[in-house]
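The chain contents come next:
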Amino acid sequence: MRRKFVAGNWKMNTTRQVGVDLAKGLAAALGTGDLGVDVAVCPPFPYLEAVKSAVAGSAITVGAQNCYFEKPGAFTGEVAAPMLVDIGCTWVILGHSERRAILGETDAVIAKKTATALSAGLKVILCVGEQLSERQANQTEAVLNTQMSGSLAGITAEQMANIVIAYEPVWAIGTGVTATNEQAQAAHAYLRGWLAKHYNPQVAEVMRIQYGGSVKASNADGLLSQPDVDGALVGGASLKVDDFVPIVQAARKSK
Ligand code: PEP
């Protein structure tokens, strides 16, 4: 039985105070006991420590939205994976479509970041997903195959225990358009099959695959009750307590 995992990707949003208030609000709403699901928030780099302090005592963990693939050194403006561990991060999001499209990150770069993050002791949320034109051209599975092969190059079956895959169709991110339950399930089933083929059935069985793309309270129940949907990576709806908590509750009650 895979434990559901809901993560909030705050992207380049909030101020320090707004982020701390949001984190405190989530911690208060979700309480101190075992939630029955994993919950993480991923604020911008400058607010990681403050948010980590704000959720102290709760079951909420904290993640970063990126890291560099080199060891600490002369890389102006970059953040090394061990630095994130040093300040208490559990997770790092890698391969987000905004970084692929806007920052030009390739699968090869993402693979290097994934290996470095895992070596440093971080757990990785690895994002994959097709663009609208690719879906319309029936290339979704081909795109996912390329991204999975490229972004996981060199990653062993043992290392996969510290990875979560996030299926995020690019056309659904921040658009208000969500994949249907059936579209999400089909892509997740493809990804699980890919893992069985390229790793082994055990890796496929235990791998958590989150759905991301305009998840909100009103569609979370349907998406999270799909058999291969093991949680959600949430952007816009992670920025308000009243929007995010119902998604966590939907994950808790989904089977
Ligand atoms: C995301 O950026 O990972 C995301 C899923 O965003 P949104 O929920 O706003 O579509």
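Residues numbered from 1 in each chain as written. Predicted model: local features only at pLDDT ≥ 70, side-chain atom pairs only at ≥ 80, totals over all residues. Heavy atoms only, no water.

Visitor: Explanation requested: the overall build of the chain in the structure shown.
Guide: Helices and strands together make up the secondary structure of the chain, namely 11 helices and eight strands. On C-alpha atoms alone, the chain measures out to a radius of gyration of 17 Å, which is about the 18 Å that the 2.2 N^0.38 rule sets for 255 residues. Overall, the chain is about 45 × 45 × 35 Å in size when its C-alpha atoms are taken along their principal axes. In the chain, which comprises 255 residues, the share counted as buried stands at 52%. Of the contacts made within the chain by residues no fewer than 6 positions apart, 73% connect residues no fewer than 24 positions apart. Accessible surface computed for the chain: about 11000 Å², of which carbon and sulfur atoms make up 54%. (Helix = DSSP H or I, 4+ residues; strand = E, 2+ residues; numbered from the N terminus. Rg over C-alpha atoms; globule rule 2.2 N^0.38 Å. Buried < 20%, exposed > 50% of the residue type's maximum accessible area, 1.4 Å probe, protein only. Contact = heavy atoms within 4.5 Å. Areas by Shrake-Rupley, 256 points an atom, 1.4 Å probe, with all protein chains shown as cover.)

Visitor: In this structure, what is going on with the site of the ligand? I would like to understand it.
Guide: Looking at the ligand, there are 14 residues lining it, with Lys-11, His-96, Glu-168, Gly-174 and Ser-214 nearest. Interatomic distance of 2.6 Å between a side-chain N/O atom of Lys-11 and an oxygen atom of the ligand. The backbone of Gly-235 places a nitrogen or oxygen atom 2.8 Å from an oxygen atom of the ligand. Out of a free accessible area of 290 Å², the ligand has 96% covered by protein chains. For the shell around the ligand, the residue count by class is four nonpolar, eight polar and two charged. (Near = heavy atom within 4 Å. Polar contact = N/O pair within 3.5 Å; in protein donor to acceptor, adjacent residues only side chain to side chain. Nonpolar A, V, L, I, M, F, W, Y, C, P; charged D, E, K, R; others polar.)

Visitor: Explanation requested: helix H10 (residues 217-224) in the structure shown.
Guide: Helical geometry note: an α-helix holds 3.6 residues per turn, so side chains three or four residues apart project in the same direction. By the burial criterion, the buried members of H10 are Asn-219, Ala-220, Leu-223 and Leu-224. Around the axis of H10, the buried residues are gathered within 125° of arc, so they sit on the same side. (Arc of directions from axis to C-beta.)

Visitor: Would you take a moment to explain the sheet that holds strand E2 (residues 38-42) for this structure?
Guide: Sheet strands line up and pair through hydrogen bonds in the backbone, either parallel or antiparallel. Read around the barrel, eight strands follow the order E1-E2-E3-E4-E5-E6-E7-E8 and close on themselves; strand pairing throughout is parallel. Geometrically, the sheet is characterised by an average inter-axis angle of 25° between neighbouring strands, direction not taken into account. Bridging between strand E5 (residues 123-128) and strand E6 (residues 163-167) involves five bridges; their strand directions are parallel. Across the sheet, the residue bridging to Val-124 is Ile-163, located in E6. The sheet contacts of helix H5 (residues 107-120) involve strand E4 (91-94), E5 and E6, and relative to E5 the element is tilted by about 160°. Its contacts with the sheet place helix H11 (residues 241-253) against strand E1 (5-9), E2 and strand E8 (231-234), and it is angled at close to 160° to E1. (Pairing = 2+ DSSP bridges. Axes fitted to C-alpha atoms, helices over the stretch in contact; angles between N-to-C directions.)

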